[in-house]
Amino acid sequence: MTMDLRNTLIVTKDETQYDLKAKRILARKSVLSHILAATVDEFKGMDVSEVAKHIEGEIYISSVPVESGLTNLGMTDAKGDRIVTLNTEDFDNNEGLVRFDILFYVRTKDGISQVIINVEAQKAKPSGYSLLNRVIYYVSRLISSQKERDFAGDNYDDIKRVYTVWICMNMDSCIWNYIHLANDALMGNYDWEGKLDMINIVLLGVPNELPEKGDGYELHRLLSTLFSPDLPPEERIDILQTEYDMAHEDALGKEMMEMCNLSEGIWERGIAEGEARGKKEGKKEGQMDVIQWLKDHPNSTAEQVMQAFGLA
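1. Comments concerning the nonpolar core
In this structure, Leu-26, Ile-35, Leu-36, Phe-104, Ile-117, Val-119 and Ile-167 are the most contacted members of the largest nonpolar core, which totals 41 residues. For this core, the leading source of residues is helix α2 (residues 29-39), giving six residues. Apart from residues lying up to four places away in sequence, Ile-35 is in contact with Leu-26, Val-40, Val-165, Ile-167, Leu-219 and Leu-223. By size, the runner-up hydrophobic cluster in this structure holds 17 residues, among which are Tyr-105, Val-139, Trp-166 and Leu-203.

2. Some details on unusual backbone geometry
The phi dihedral of Glu-148 falls on the positive side, at around 70°, and the residue is not glycine. Within the secondary structure layout, Glu-148 lies in the loop between α4 (131-144) and β8 (161-171). Exposure remark for Glu-148: the relative accessible area of 56% places this residue in the exposed category. Unlike most non-glycine residues, Asn-170 shows phi in positive territory, near 60°. Here Asn-170 is to be found in strand β8. According to the relative accessible area criterion, Asn-170 is partly exposed, its value standing at 34%.

3. Here we look at the packing of helix α5 (residues 218-227) against helix α6 (residues 233-244)
Packing of α5 against α6 leaves a shortest axis separation of 9 Å and a crossing angle of 150°. As summarised for this structure, α5 and α6 are arranged roughly antiparallel, according to the angle between their axes. When you trace α5 past α6, the crossing you get is left-handed. Touching Glu-218, Arg-221, Leu-222, Ser-224, Thr-225, Leu-226 and Phe-227 of α5 are Arg-236, Ile-239, Leu-240, Glu-243 and Tyr-244, all from α6.

4. With respect to the side chain of His-54
Among the secondary structure elements, His-54 is positioned in the loop between α3 (48-52) and β1 (55-61). Residue classification places His-54 among the buried residues on the basis of a relative accessible area of 16%.

5. Here's the deal with the pattern of salt bridges
Inspection of the entire model under this criterion finds nine salt bridges. For Lys-53, the salt bridge is made with Glu-50, and the minimal N-O distance between the two is 3.0 Å. Overall, Lys-53 belongs to the exposed group, its relative accessible area being 60%. Judged by its relative accessible area of 35%, Glu-50 falls in the partly exposed class. Here Glu-243 and Arg-221 are joined by a salt bridge, their closest N and O atoms 2.7 Å apart. Linking Glu-243 in helix α6 with Arg-221 in helix α5, this pair joins segments that are 22 residues apart in sequence. Among the charged side chains, a network of salt bridges with common partners joins Glu-42, Arg-161 and Asp-197.

6. Focus: the confidence of the model for the protein chain
Per-residue pLDDT for the protein chain has a mean of 75; in total, 62% of the residues score no lower than 70. Here strand β3 (residues 82-83) is the element of the protein chain with the lowest mean pLDDT, 32, and strand β9 (residues 175-180) is the one with the highest, 96. Scored below 50 in pLDDT, residues 64-85 shows 48 contacts in the model against residues more than four places distant or in partner chains.

7. Comments concerning the packing of aromatic side chains
Following the criterion strictly, the structure yields four aromatic pairs and no others. Ring plane angle 65° and centroid distance 6.4 Å describe the contact between Tyr-137 and Tyr-138, whose orientation is recorded as edge-to-face. On the numbers, 4.6 Å between centres and 70° between planes, the contact of Tyr-190 with Trp-192 is edge-to-face. Neither Tyr-190 nor Trp-192 differs from the other in exposure class; each is exposed. Taken together, the ring pairs in this structure connect Tyr-137, Tyr-138 and Trp-166 into an aromatic cluster.

Conventions adopted
- Residues numbered from 1 in each chain as written.
- Predicted model: local features only at pLDDT ≥ 70, side-chain atom pairs only at ≥ 80, totals over all residues.
- Heavy atoms only, no water.
- Core = buried A, V, L, I, M, F, W, Y, C linked by side-chain atoms within 4.5 Å.
- Buried < 20%, exposed > 50% of the residue type's maximum accessible area, 1.4 Å probe, protein only.
- Helix = DSSP H or I, 4+ residues; strand = E, 2+ residues; numbered from the N terminus.
- Contact = heavy atoms within 4.5 Å.
- Axes fitted to C-alpha atoms, helices over the stretch in contact; angles between N-to-C directions.
- Parallel < 35°, antiparallel > 145°, perpendicular 65-115°, else oblique.
- Left-handed = near helix turned anticlockwise from the far one by under 90°.
- Salt bridge = Lys/Arg side-chain N within 4 Å of Asp/Glu carboxyl O.
- pLDDT = per-residue confidence, 0-100.
- Phe/Tyr/Trp six-rings, centres within 6.5 Å; stacked < 30°, edge-to-face > 60°.

Quick look at the structure:
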């Protein structure tokens, strides 16, 4: 195995660990409660501690890579245990495999209905396809996958409402879009029975720069505090404790530190890769090229560094 391939595999392993740490942080009830209170109509205005009580069962986190042709390999819960009920991987022989980052049920305030919640984390807005198209595909699978699990036969009235919340980091500003079904009566005024609120899409764009405290920015400030690469771990934890009442979350603090350390390790390996390439090509300016590039792209990932210097 060449040194370049070995280092690339190490970086990939670290990035996988980073992604899983990020999902575990996002999947904590104390964090999800803030997301639900801000995005799900029924929970808006509720105290987050009360919202947490409506989260039912396990919060499922996907940790298995998705490749064409894979069968359903299962998933883990937030504790790392294998489970076989609500699955983060939806497999159909004709359509392939879809992996959902975080998936769980919430019970509505009336104590009768359940809602399926899906939360997806994106490092950045994808450049190879339109994100909204992927989101619509995911929410459609969340609806269709309920057959024979949440409803049987032709009992379509038993389909549960679905919320899919997509968090896209590295945006230029705070973004918040709510996309849902609408009924435009073009002729007549017939009242078709059914759940117009069955599909709910929330798109959140979060900048690296920490948003100022103020009305309307609480959720974005929380997400930026959790995932922005520009904040030192101590400042993150202080904000979480003082502004979001997460002082009791010792495990969250530990995972935050581990995630930050992984992020720094990935970045440092990217520097080393670039420097090695510069030396290999006999370029005296190679190291300075890398350093300058990183100064110009402070939020770059190891993958982006390697691509920029022909290592990917």
